[in-house]
Amino acid sequence: MEFSVQTANPAKVETACLVIPVFKDGELLPTAAKLDDASERLIGQLLEREDFTATLANVQLIPFAPGLNADRLLLVGLGERDKCNEGGYRKALDAAFDKLAKLSIDETAVALTDVPVPERDSLWKARMIAEAAQRGTYRFNAFKSRPEPLPKLERVTLLVSENDDANRAKEGARIGDAIGNGINTTRTLGNLPGNVCTPRYLAEKAEHLGQISKGTLSVEILDEDALATLGANALLSVGRGSAEPSRLIVMQYQGADDPDEAPHVLVGKGITFDTGGISLKPGDAMDEMKFDMCGAASVFGTVQAVLDIKPKINLVAIVAAAENMPDGRATKPGDIIKTLKGLSVEVLNTDAEGRLVLSDALTYAERFEPASVIDIATLTGAAIIALGHHATGLLSNDDDLALDVLDASETAWDRAWHLPLWDEYQEQLDSNFADLANIGGRPAGTITAGCFLSRFADKYPWAHLDIAGTAWHSGKQKGATGRPVGLLTQYLLDRETDTQTESEG
C-alpha cells in the first residue's frame, strides 16, 4: 500500500474520508481538506441528525463531495470534542477503513489534522491511519476454495493543513505502514492451522526473513540435537510427545552505529499447538490452541517491522518453538527436568508448558549480555480473568523497564497493565523434590507464572508480557489480533531515541 502526504487536495479520488468530532449543535471543525459551501451545508445537516450526532465510529457515505475533489465522502463520527482520545480515534479509523475496504475502491484521501487528539501530533495520527489501513484491508482466506475478493485499496493520501509538519506526517505514515505490515504478519502466522505452522515452518519463516533482509538479519536454527548438546532439556521436554521436532530460532538484527552496542532481546513462546500434553485440555475450543504461538508470531511481526523501519539499534529475537502433544514419550506430571540454567523443575501440570520453553530461551539470552529482555507469551488463562481482553499483563524485575514498556504501550495504544512481582508469591512455587515447581496453584496464576520466569531472568533487566487475553479473538470474529507488535516496535523505537539523546548529550 502506498501512502503520501500533501497540503492540497489530491488528484480525483473515488471516495474521500473525513474523520471529525461531531457536536450536538451540528458544529463542523475547520478541516485540512478544502470543503466547498455545498459540502459543508450537507455535512452540517447530517450532523444535526439524531442517529449520527456525537456517535463514535458511526459511518455515513455522502453521495458527493466536490470540495474534496472526490466522488463520495465517508464521514466518520468521533463523538463529542471533549471526549476525543486515542482509543476513540483508533476506533473511528478502524470503522472507516473497514467501510473503505468493503467499498472495494483503489484510492482514498484522508483528512489527517481535523481531529485534535490531546498530546498527539501529526506523526502519531499519520501512524494510526497507516496502521488502520493495513489492519482494515487484511484478509486470511488462503484455505478457502472460493475466497472473497481482496480489498483493492492501494493508495492513501493524507491531507494536512499548511500549519502542520508534513515531514512528521510522512514519517508517521512510514512507521505506521511498517507496523501494520508487521501486525498482519503476526496475524497470518497466528491464523495458520497447526498442521501447517509447525516449529519447522517457523524456522523456515525465519530463514526466509534472513534471505530477504539483504544481510541485515542473521538467522541461526538450533535443532533437537543442538538443543540436547546445549542442555536445553526444558524446551525438549515439552516437544517430546510430538512427532514434530522442536526448534530454538535466533534472529539478530544489527542496526546500531556501534556493532558492539548491547542488544535488546525479544523472546517469544512458540507452542504451535497445545493439547495440554498428558494434562489434556477439554475439547471445547481446543482448536484455538493453534494461537498458543502468538507470542512467537508477535516476535516475527516485530522483526518484520524493524526490517522495514531500520532503527539504529541492535536486536536479538529468540523463538522457542515446540508442539505439546500426549503420547508414550510425553513428559508426565511429577517428572523432574533439569533446565539449561541448571535449576531442576518438578512438572506438576504439563499444560503449564510455555514457561518451560521460555525458561531455556531466557537462559540462552544471557550470552548476548542484553540491555533488556522482553518475553511475550500466551501464558495463563488467569490473565484473562484478571484483565479481560483489553490489556496485556506486564511483570518485570526492573521498574524503569516496566515504565518504558508502559509508555510504549500508551503511545502505540496497545496497552498493558503492570502487575506485582513480589517475593511473597515466589513461595507458591516451592517443591518438595526439585528447585521449583512449574505451577503455583490457582491464586495469582499470572503472577506466579511470572515468578517462575523471573528465576531464569536474573542476569538482566527483564519484562514479561502475558498476551493470553489480547492475542486473538474468539467466536464469530475468530482470528489473531497482531498484538503486541505495536507495543514492541514502539519500545524499540524509543530505545533508539534514548541512544540518540545520550550521544547528543
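We now turn to the structure provided with this report. (Residues numbered from 1 in each chain as written. Predicted model: local features only at pLDDT ≥ 70, side-chain atom pairs only at ≥ 80, totals over all residues. Heavy atoms only, no water.)

Before going further, it helps to spend a moment on the overall build of the chain. Counting its secondary structure elements, the chain contains 14 helices and 19 strands. Here the C-alpha atoms of the chain give a radius of gyration of 24 Å, agreeing with the 23 Å that 2.2 N^0.38 yields for 505 residues. Among the 505 residues that make up the chain, the fraction classed as buried is 59%. Relative to all contacts within the chain whose residues are 6 or more apart in sequence, the contacts with residues 24 or more apart total 78%. When the accessible area of the chain is evaluated, it comes to approximately 20,800 Å², of which 46% is carbon and sulfur surface. Of the charged side chains in the chain, 49 are positive and 75 negative; the average position of the first set lies 6 Å away from that of the second. (Helix = DSSP H or I, 4+ residues; strand = E, 2+ residues; numbered from the N terminus. Rg over C-alpha atoms; globule rule 2.2 N^0.38 Å. Buried < 20%, exposed > 50% of the residue type's maximum accessible area, 1.4 Å probe, protein only. Contact = heavy atoms within 4.5 Å. Areas by Shrake-Rupley, 256 points an atom, 1.4 Å probe, with all protein chains shown as cover. Lys, Arg positive; Asp, Glu negative; His and termini not counted. Charge placed at Lys NZ, Arg CZ, Asp CG, Glu CD.)

Let us look at the side chain of T481. With respect to the helices and strands, T481 occurs in the loop between β19 (479-480) and α14 (485-504). Polar side-chain contacts of T481 include one of 2.6 Å to the backbone oxygen of T470. If we skip the residues at most four places from it in the chain, T481 touches I183, R187, T470, A471, W472 and H473. (Polar contact = N/O pair within 3.5 Å; in protein donor to acceptor, adjacent residues only side chain to side chain.)

This part takes up helix α13 (residues 445-454). Counting buried residues along α13, 10 of its 10 residues qualify, which places the element largely inside the surrounding structure. Regarding α13, the residues found buried are G445, T446, I447, T448, A449, G450, C451, F452, L453 and S454.

Take the packing of helix α4 (residues 166-191) against α14 next. Where α4 contacts α14, the two axes come as close as 9 Å, and the packing angle between them is 135°. Between α4 and α14, the interaxial angle falls into the category oblique. Between α4 and α14 the crossing geometry is right-handed. Across the interface between the two elements, I175, I179, G182, I183 and T186 of α4 pack against V485, G486, T489 and L493 of α14. Classifying every residue of the contact of α4 with α14 by side-chain character gives 5 nonpolar, 4 polar and no charged. (Axes fitted to C-alpha atoms, helices over the stretch in contact; angles between N-to-C directions. Parallel < 35°, antiparallel > 145°, perpendicular 65-115°, else oblique. Left-handed = near helix turned anticlockwise from the far one by under 90°. Nonpolar A, V, L, I, M, F, W, Y, C, P; charged D, E, K, R; others polar.)

Before going further, it helps to examine the sheet that holds strand β16 (residues 436-437). Across the sheet, 3 strands lie side by side as β11-β12-β16; this open sheet has mixed pairing. One side of each edge strand has no neighbouring strand; the edge strands of this open sheet are β11 (336-338) and β16. With 2 bridges joining them, strand β12 (residues 344-346) and β16 adopt parallel strand pairing. Its bridge partner lying in β16, E346 is registered against A437. (Pairing = 2+ DSSP bridges.)

For the rest of this paragraph, the subject is the nonpolar core. In this structure, L202, M251, F300, V303, I374, V405 and L465 are the most contacted members of the largest nonpolar core, which totals 49 residues. When residues in this core are grouped by element, the largest group, 8 residues, is from helix α8 (residues 294-309). When near neighbours in sequence (up to four residues on either side) are disregarded, I374 contacts V265, L266, V267, V405, A463, L465, L488 and Y491. The next biggest cluster of nonpolar side chains, apart from the first, holds 46 residues, and it includes L222, A234, V250 and L340. (Core = buried A, V, L, I, M, F, W, Y, C linked by side-chain atoms within 4.5 Å.)

Taken in spatial order, the 8 strands line up as β7-β8-β10-β9-β13-β17-β14-β15 in an open sheet, and their pairing is mixed. Of all strands in the sheet, those bounded by a partner on one side alone are β7 (217-222) and β15 (416-418). Neighbour-to-neighbour, the strand axes of the sheet open up by a mean angle of 20°, direction not taken into account.

On to the environment of A320, then. Relative to the elements of secondary structure, A320 occurs in strand β10 (residues 314-324). By relative accessible area, which is 0% here, A320 ends up buried. Sequence separation of A320 and K269 is 51 residues, and the distance between their C-alpha atoms is 5.6 Å.

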